[in-house]
Amino acid sequence: MIEELAVAGVAVATGLVAYAMAAARIVKQYERGVVFRLGRLHGEVRRPGFTMIVPAVDRIRKVNMQIVTMPVPAQEGITRDNVTVRVDAVVYFRVIDAANAVIEVEDYRFAVSQMAQTSLRSIIGKSDLDDLLSNREKLNQGLELMIDSPAVGWGVQIDRVEIKDVSLPETMKRSMARQAEADRERRARVINADAELQASKKLAQAAGEMSKQPAALQLRLLQTVVAVAAEKNSTLVLPFPVELLRFLERAAPQPGEPVEAGRQGRQGEVADAGAAPSPEVGAGAEAGLPMAAVSGEDSAAAGSLPADEMPPMATGGGEDAAEDASRTGSSRVGDVPPMVPGPGAVS
């Protein structure tokens, strides 16, 4: 009898151990357990730790609550400004309601992936190329809202959506490269023009200061020579200073200075004679007597003088010229030899 009781006790203990082993479940920290009893949702979602279920009656399904990183395959579409592009993205999401994630959708991962691809194609068609390239943050927010709206009913929360890459055709890349190059060239020219303007203002100020001291220009020239002479492999051409030329021009006597002095003396005599003319000369001028032409050196000197500064000269024959010279007493007219008209001249 005792032996039978012992055997029965061992059998019951073994059965209890087997039942406990069949009913015991371990839910990890990042998981939640959804229990179905005879196909229906039973109780609340099991928390992490040790839990028990009824073997052969209950089934438990564990749902991962971690953030899932899902890449979205590249989608090809046409933007609003008719440019064909390929765009790929990545979606970060996690389950917030384990029961809905199991009951409301067959496979929440596949559902989120398909929704992300559809929303990505839609956002490509609604956006311009410039927005895809430079305003991605706004597009990411719009894409997140488009995916998150149906995902909330599935017990899934979209944390973030990022557009990874935008692939452009080669022709479009070359066009954008030319546009960027032209813009850079324009900015460079504007900067150079601004620099030239500022430099011209500074140079004008420097020229104003140097004009006060002419020696400053010579010092600046010597500084330039020293700077250029530092290169041993260059040929230096030293310009002759203009200030030195001007100094030599003022110091050296001019070759035509005595002639000019003589001219000035003659002009003074003529002016004096014109101021007080003799009666004979006045009478001869009023009578329209001919004037003698000047020849030789005096003709060259007279030809170099302006018309209004030329002294009056007699143009008559030898006797008339000598007679006029004796009347006026002018040494200049008396020195002029008589001009005899040629055979063909009319007396």
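Residues numbered from 1 in each chain as written. Predicted model: local features only at pLDDT ≥ 70, side-chain atom pairs only at ≥ 80, totals over all residues. Heavy atoms only, no water.

1. A look at the environment of Gly77
Tracing the backbone shows Gly77 in strand S6 (residues 68–78). Separated by 48 residues in the primary sequence, Gly77 and Gly125 place their C-alpha atoms 6.6 Å from one another. Residues within four places of Gly77 in sequence aside, it is in contact with Val83, Thr84, Val85 and Ile124. (Helix = DSSP H or I, 4+ residues; strand = E, 2+ residues; numbered from the N terminus. Contact = heavy atoms within 4.5 Å.)

2. Regarding the packing of helix H6 (residues 170–212) against helix H7 (residues 214–229)
When two helices pack together, their arrangement is given by the angle between the helix axes and the distance between those axes. Remark: H6 packs on H7, axes separated minimally by 4 Å, with the N-to-C direction vectors making an angle of 120°. By the angle between their directions, the pair H6 and H7 is classed as oblique. Judged by residue contacts, Met210, Ser211 and Lys212 of H6 engage Pro214, Ala216, Leu217 and Arg220 from H7. (Axes fitted to C-alpha atoms, helices over the stretch in contact; angles between N-to-C directions. Parallel < 35°, antiparallel > 145°, perpendicular 65-115°, else oblique.)

3. A short note on the environment of Glu104
You can see Glu104 is positioned in the loop between helix H2 (98–103) and helix H3 (108–126). Here Glu104 falls in the partly exposed class, since its relative accessible area comes to 48%. With 50 residues separating them along the chain, Glu104 and Trp154 place their C-alpha atoms 5.6 Å apart. Discounting chain neighbours no more than four positions away, the residues touching Glu104 are Gly153 and Trp154. (Buried < 20%, exposed > 50% of the residue type's maximum accessible area, 1.4 Å probe, protein only.)

4. Considerations on the sheet that holds strand S3 (residues 40–41)
The three strands are arranged S3-S2-S5 in an open sheet whose pairing can be described as antiparallel. Unpaired on one side and paired on the other, S3 and strand S5 (58–64) mark the two borders of the sheet. (Pairing = 2+ DSSP bridges.)

5. Considerations on unusual backbone geometry
One non-glycine residue, Leu38, lies in the positive phi region at around 55°. Here Leu38 is to be found in the loop between strand S2 (31–37) and S3. Positive phi outside glycine occurs at Ala56, with the angle close to 70°. The exposed category is assigned to Ala56, whose relative accessible area is 85%.

6. Structural notes on the side chain of Gln117
Note that Gln117 resides in helix H3. Apart from residues no more than four positions distant in its own chain, Gln117 is found in contact with Val72, Pro73 and Gln75.

7. So, the confidence of the model for the protein chain
Scored by pLDDT, the protein chain has a mean of 75; 69% of the residues are at 70 or more. Considering each helix and strand of the protein chain separately, the mean pLDDT is smallest for helix H10 (residues 279–286), with a value of 39, and largest for strand S7 (residues 84–95), with 93. Residue range residues 259–347 is modelled with pLDDT below 50. Its contacts to residues more than four positions away, or to other chains, number 49 contacts. (pLDDT = per-residue confidence, 0-100.)

8. A short note on the sheet that holds S6
Pairing within the open sheet is antiparallel, and its three strands lie in the order S6-S7-S8. Of all strands in the sheet, those with a lone pairing partner are S6 and strand S8 (156–167), marking the two edges. Going across the sheet, the axis of each strand differs from the next one's by a mean of 25°, ignoring polarity. Pairing between S6 and S7: nine bridges, direction antiparallel. Residue pairing across strands places Val68 opposite Phe93, the latter belonging to S7. Against the sheet, H3 contacts S6, S7 and S8, and its axis sits at roughly 35° relative to S6. Each of S7 and S8 touches helix H5 (residues 136–151); the most contacted strand, S8, lies at about 140° to it.

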